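# Residue-level structural notes
If you want the building blocks of each chain, they are given just below.
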Amino acid sequence: MKTSAFTAGWAERLREPLGKFIYGFVRDRHVAEDLEQETLLKVVRNLHRYRAQAALKTWVFSIARNLCLDHLRSAGRTRLRLIGTLDPSEIETPDVPDARAETEESRARVAEALSGLSPDARELLILRNYLGLSYREIARRRGVAAAGIGTRLLRARRGLLKKLRRESCG
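This section reports on the structure supplied with the text. (Residues numbered from 1 in each chain as written. Predicted model: local features only at pLDDT ≥ 70, side-chain atom pairs only at ≥ 80, totals over all residues. Heavy atoms only, no water.)

### Quick word on the nonpolar core
Worth spelling out the cut-off: The criterion is simple. A nonpolar core is a set of buried Ala, Val, Leu, Ile, Met, Phe, Trp, Tyr and Cys residues joined through side-chain atoms within 4.5 Å. Summary of the burial criterion: residues with accessible area below 20% of their type's maximum are buried, those above 50% are exposed, and those between are partly exposed, where the area comes from a 1.4 Å probe applied to protein chains only. Each helix corresponds to a stretch of at least 4 residues labelled H or I by DSSP, and each strand to a stretch of at least 2 residues labelled E; elements are numbered beginning at the N terminus. Contact criterion: two residues are considered in contact whenever any of their non-hydrogen atoms come within 4.5 Å of each other.
If you look at the biggest cluster of nonpolar residues, it comprises 42 residues, and the most contacted ones within it are F21, I22, V26 and W59. Those elements that place two or more of their residues in this core are α1 (3–26), α2 (29–46), α3 (56–74), α4 (97–115), α5 (119–130), α6 (135–142) and α7 (149–169). By residue number, the principal contributor to this core is α3, which donates ten residues. Setting aside residues no more than four positions away along its own chain, W59 makes contact with V43, N46, L47 and Y50.

### Quick look at the packing of aromatic side chains
Pairs of aromatic rings are described using the distance from one ring centre to the other and the angle between the two planes. Spelled out, the test is: Aromatic rings from Phe, Tyr and Trp, with only the six-membered ring used for Trp, were paired whenever their centres fell within 6.5 Å, and each pair was classed as stacked if the ring planes differed by under 30 degrees, edge-to-face if by over 60, and tilted otherwise. Both a distance and an angle decide whether a charge sits over a ring: NZ of Lys or CZ of Arg must be within 6 Å of the ring centre and within 35 degrees of the ring normal.
One pass over the full model with this rule turns up two aromatic pairs. With a centroid separation of 5.2 Å and an interplanar angle of 65°, the aromatic rings of F21 and F61 are classed as edge-to-face. Taken together, the residues span a long stretch of sequence, with F21 in helix α1 and F61 in helix α3 at a distance of 40 residues. A single burial state applies to F21 and to F61, both of which are buried. Centre to centre, the rings of Y50 and W59 are 5.2 Å apart; their planes meet at 40°, and the pair counts as tilted. For Y50, a relative accessible area of 16% corresponds to the buried category. Overall, the relative accessible area of 18% leaves W59 in the buried class. The ring of Y23 is capped by R29, whose NZ or CZ atom sits 4.0 Å from the centre of that ring. Looking at R141, its charged tip hangs above the ring of F61, at a distance of 3.6 Å from the centre.

### With respect to the packing of α5 against α6
Definition in use: Angles run from 0 to 180 degrees between N-to-C directions of axes, and those axes are lines fitted to C-alpha atoms, restricted for helices to the stretch in contact. Roughly parallel refers to an angle under 35 degrees, roughly antiparallel to one over 145, roughly perpendicular to one between 65 and 115, and oblique to any angle outside these ranges. The sense of a crossing depends on the near helix, which, turned anticlockwise from the far helix by less than a right angle, makes the crossing left-handed and, turned clockwise, makes it right-handed. Under the scheme applied, nonpolar residues are Ala, Val, Leu, Ile, Met, Phe, Trp, Tyr, Cys and Pro; charged residues are Asp, Glu, Lys and Arg; polar residues are all the others, including Gly.
In contact at an axis separation of 10 Å, α5 and α6 are set at 135° when each is read in the N-to-C sense. In terms of axis orientation, α5 runs oblique to α6. Crossing angle aside, the handedness with which α5 passes α6 is right-handed. Contacts from D120, E123, L124, L127 and R128 of α5 reach α6 at Y135, I138, R141 and R142. For the contact of α5 with α6, a count of residues per class yields four nonpolar, no polar and five charged.

### Quick look at the environment of G19
Tracing the chain through its elements places G19 in helix α1. Sequence separation between G19 and L35 is 16 residues, and the spatial gap between their C-alpha atoms is 8.6 Å. Aside from chain neighbours lying at most four places away, what touches G19 is L14 and E36.

### Examining the packing of α2 against α3
One can describe the packing of α2 onto α3 by two numbers: an axis separation of 9 Å at closest approach and a directional angle of 130°. As far as their axial angle goes, α3 and α2 are oblique. Two packed elements cross with a definite hand, and for α2 against α3 that hand is right-handed. Residues V31, L35, E38, T39, K42, V43 and N46 of α2 form the contact with α3, whose own contacting residues are W59, V60, I63, A64, L67, C68 and H71.

### A closer look at α6
Rules: The directions considered for the arc are those from the helix axis to the C-beta atoms.
Looking only at α6, the buried set comprises I138, A139 and R141. The buried residues of α6 occupy an angular sector of 165° when projected down its axis, which confines them to one face. Positive backbone phi, approximately 70°, marks G143, located one or two places after α6.

### Observations regarding the environment of T39
Along the chain, the position of T39 falls in helix α2. T39 sits 21 residues away from V60 along the chain, and the two C-alpha atoms are 7.3 Å apart. Filtering out sequence-adjacent residues up to four positions away, T39 remains in contact with L18, I22, V60, I63, A64 and L67.

Just distances and angles here, no functional claims.
Right under this line is the structure:
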């Protein structure tokens with residue numbers, strides 16, 4: 001595959017899902033934009049190394065994931081900050097102050113609980129719940145068998161639920 005074939009349409013088709021994926025890891029719009037650009041540059045520079053063992057999209061997302069994890073490590077962060085891909089202003093809530101406060105409180109609780117999960121569990125929950133990927137798509141992106149994704153997601157959800165319950169009781 002030539003570089004021009006990639007840049008002719010792939011970059012534009014990947015921009016939105018890639019941006020959401022990266023933002024889910026770093027939770028900072030400016031950093032996410034920088035990492036998105038860095039991902040696309042790295043893809044173009046290394047396209048000659050792509051061997052088509054996985055879909056191009058899977059390869060691109062694995063590059064993005066690695067760059068995100070590198071960024072978080074280099075920033076000295078010990079936990080990923082995740083809570084979905086929507087800004088609070090994008091969530092429709094009634095114009096009732098209590099409802100908005102409850103929504104913000106719920107978002108904060110979920111973010112805290114997610115940050116306590118392993119990076120693998122967080123990634124699975126982002127891919128499934130926030131990006132809406134199928135088990136097969138998740139397996140392809142992660143380079144694993146699709147048969148085990150359901151079990152891994154179940155464990156990740158149970159871990160999240162356990163943390164949320166512990167927080168509300170503790």
